[in-house]
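# Understanding the architecture of this molecule
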Amino acid sequence: MKFSGLRVLREGLTGNRGWQAHWRDASPKDAYDVVIIGGGGHGLSTAYYLAREHGITNVAVLEKGYLGGGNVGRNTTIVRANYFLPGNSEFYSHSLKLWEGLEQELNYNVMHSQRGQIVLFHSDGQRDAAIRRGNAMRNQGDDAELLSVGQLKKVLPYLDYEQARFPIYGGLLQRRAGTARHDAVAWGYARGASARGVDLVQNCEVTGIDIEGGVVKGLQTSRGAIRAKKVAVIVAGRSSQVAAMAGMRLPIESHVLQAFVTEGLKPCIDHVVSFGMGHFYISQSDKGGLVFGGDLDMYASYAARGNLPLVEHVMEAGMTLMPMIGQAKVLRSWGGIMDMSPDGSPIIDKSPVEGLYLNCGWCYGGFKAVPGSGHCMAHLVATDRPHVAAARLRLDRFRTGRGLMDEEGTGAQHNLH
């Protein structure tokens, strides 16, 4: 089934009776060449690129719930490539390029909107850091512009520029950044993978990993045993639990990150705006709701919901930055389980178990990484060699201390996240 404007018009005029299911709801086979644990954005994109780029189609994606029911459907939809450190910078630049051609690639409307992101700064030191970051982004081949207060007031007139505690000194703009429809991204990759022969198996929880002589042989699941030559663990906040089935202890902590959306409003915020002093970020959805979030809940948890102190903290940051937000009614909130690595950067690497691959540690960067993560993970699984864009995202950096990428500058300790 191919989408087009003419097809949409024809179906609308004929009662929408010609649409087909987007993907096959498959039952698991006895054996596969590759089994991917996790039916979120990263797992589905990995399956798609395994089939699309490497011709590996005897693949199953196992999801314990429904496809796209985890973090890919529980985020603030931001897409950007404004990372500073080598390793992260190349990877997210690669991912953004994939985003820019994704709708044509998938023949699916993921509502990718390059409305631009502006990261505010509030001191001379932050301005210097923004200039360094912008130069690093431009050296990487991405776009970055430094905006003065005068320029900001023209595009963000609703901010509080006169506050004494956090005065606004300017902002760093990436015009190619923006947002996308999170669940549509999962659906588009699921549709593309299924069309190429990948089995998407829902309601199939992995309960054990079969290993013999240091080599992975298959999985135990709630729907029976499955043999596999290769297994990829791509389960975000559940990474530590699944890795433990293989006898591994990962350098990962799981935390809750909350997000919020208001009632639908007339268009008022044209960009993604990030508050440099409060880790508050906001954009406006196509339906009119203001979508925003902030810091994660500062305790380890596997609960996909947050607590009230962080709700208050995020609302305070929003009110500090843009008092007008106080007039909006919050419609709902939700939480995703963040797999936090010690240096705030991801892991795409082979595990010590032969045939077992890891994709985790995305921290705050998971959604924007979906195309790049799947593309690089598929390359690793298919060739047993890291993709050049993910060459520094190694697991052993936490054992040796070499190559740590502390993007946030908070130190390589969990308790400083």
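Let me sum up the structure you'll find in this document.

About the cut-offs
Residues numbered from 1 in each chain as written. Predicted model: local features only at pLDDT ≥ 70, side-chain atom pairs only at ≥ 80, totals over all residues. Heavy atoms only, no water. Helix = DSSP H or I, 4+ residues; strand = E, 2+ residues; numbered from the N terminus. Rg over C-alpha atoms; globule rule 2.2 N^0.38 Å. Contact = heavy atoms within 4.5 Å. Areas by Shrake-Rupley, 256 points an atom, 1.4 Å probe, with all protein chains shown as cover. Lys, Arg positive; Asp, Glu negative; His and termini not counted. Charge placed at Lys NZ, Arg CZ, Asp CG, Glu CD. Phe/Tyr/Trp six-rings, centres within 6.5 Å; stacked < 30°, edge-to-face > 60°. Lys NZ or Arg CZ within 6 Å of the ring centre and 35° of its normal. Salt bridge = Lys/Arg side-chain N within 4 Å of Asp/Glu carboxyl O. Buried < 20%, exposed > 50% of the residue type's maximum accessible area, 1.4 Å probe, protein only. Patch = residues over 30% accessible without salt bridge, like charges linked within 9 Å, V, L, I, M, F, W, Y side chains within 5 Å. Pairing = 2+ DSSP bridges. Axes fitted to C-alpha atoms, helices over the stretch in contact; angles between N-to-C directions. Left-handed = near helix turned anticlockwise from the far one by under 90°. Nonpolar A, V, L, I, M, F, W, Y, C, P; charged D, E, K, R; others polar. Core = buried A, V, L, I, M, F, W, Y, C linked by side-chain atoms within 4.5 Å.

## Overview of the overall build of the chain
When helices and strands are counted, the chain shows 11 helices and 18 strands. The C-alpha atoms of the chain give a radius of gyration of 21 Å, which matches the 22 Å a tight globule of 417 residues would have. Here the C-alpha coordinates of the chain stretch approximately 65 × 65 × 40 Å along the principal axes. Considering only contacts within the chain whose residues lie at least 6 apart along the sequence, 75% involve residues at least 24 apart. Taken as a whole, the chain presents about 18,000 Å² of accessible surface, with 50% of it coming from carbon and sulfur. When the 44 positive and 39 negative side-chain charges of the chain are each reduced to one mean point, those points stand 4 Å apart.

## Observations regarding the packing of aromatic side chains
Counting across every chain of the model gives 12 aromatic pairs. Consider the rings of Tyr 48 and Tyr 189, whose centres lie 5.6 Å apart with planes at 65 degrees: the pair is edge-to-face. Of this pair, Tyr 48 sits in helix H2 (residues 41–54) while Tyr 189 sits in helix H7 (residues 182–195), and the two are 141 residues apart along the sequence. Put simply, the rings of Tyr 83, Phe 91, Tyr 92 and Trp 362 pair up and form one aromatic cluster. In this arrangement the basic side chain of Lys 153 is found over the ring face of Tyr 161, its NZ or CZ atom lying 5.4 Å from the centre.

## A closer look at the pattern of salt bridges
Tallied over the full model, the rule gives 16 salt bridges. For Arg 175, the salt bridge identified is with Glu 145, shortest N-O distance 2.5 Å. Taken as a pair, Arg 175 in the loop between strand S6 (170–174) and strand S7 (178–179) and Glu 145 in strand S5 (residues 145–147) lie far apart in primary sequence, 30 residues in all. A relative accessible area of 49% places Arg 175 in the partly exposed class. Residue classification places Glu 145 among the partly exposed positions, given a relative accessible area of 27%. Among the salt bridges present, the one from Asp 384 reaches Lys 230, with a minimum N-O distance of 3.9 Å. Of the two residues, Asp 384 sits in the loop between helix H10 (370–383) and helix H11 (397–400) while Lys 230 sits in strand S11 (residues 224–233), which places them 154 residues apart along the sequence. Judged by relative accessible area, which is 33%, Asp 384 ranks as partly exposed. Salt bridges sharing common partners tie together Glu 100, Asp 142, Asp 143 and Arg 176.

## Comments concerning a nonpolar patch on the surface
Taken together, the side chains of Leu 6, Leu 9 and Leu 13 define a hydrophobic patch exposed on the protein surface, amounting to about 360 Å² of accessible area. For Leu 13, the position within the fold is in helix H1 (residues 5–13).

## Let's talk about the sheet that holds strand S4 (residues 117–121)
Pairing in this open sheet of 8 strands is mixed, and the strands run S5-S6-S4-S13-S14-S15-S12-S16 from one edge to the other. Two strands lie at the open edges of the sheet, namely S5 and strand S16 (330–340), each paired on one side alone. Here the average twist between neighbouring strands, direction ignored, is 20 degrees. Across the face of the sheet, helix H5 (residues 124–140) comes into contact with S4, S5 and S6 while running at roughly 15 degrees to S6.

## Looking at unusual backbone geometry
Of all residues except glycine, most have a negative phi; of all peptide bonds, most are trans. If you check the backbone angles, Asn 16 has positive phi at about 55 degrees while not being a glycine. Tracing the chain through its elements places Asn 16 in the loop between H1 and strand S1 (31–37). Of note in the backbone geometry, Cys 363 takes a positive phi value of approximately 50 degrees without being a glycine. Its location among the elements puts Cys 363 in the loop between strand S18 (356–360) and H10.

## Looking at the packing of H2 against H7
In the contact formed by H2 and H7, the axes pass within 8 Å of each other and the chain directions differ by 30 degrees. Crossing angle aside, the handedness with which H2 passes H7 is left-handed. Every residue of H7 that contacts H2 at Leu 44, Ser 45, Ala 47, Tyr 48 and Tyr 49 is listed here: Ala 186, Tyr 189, Ala 190, Gly 192 and Ala 193. Taken together, the residues of the contact of H2 with H7 break down into 8 nonpolar, 2 polar and no charged.

## Focus: the nonpolar core
One recurring pattern in soluble globular proteins is that nonpolar side chains are buried together. Grouped together as the largest cluster of nonpolar side chains are 49 residues, with contacts concentrated most on Ile 36, Phe 91, Tyr 189 and Ile 348. Contributing elements (two or more residues each) for this core: S1, H2, strand S2 (59–62), helix H3 (88–100), helix H4 (102–106), H7 and H10. Residues within four places of Ile 348 in sequence aside, it is in contact with Phe 91, Leu 358, Asn 359, Trp 362, Ser 373, Cys 376, Met 377, Leu 380, Ala 390 and Leu 393. With 28 residues, the next largest nonpolar core counts Val 201, Leu 219, Ile 226 and Val 235 among its residues.

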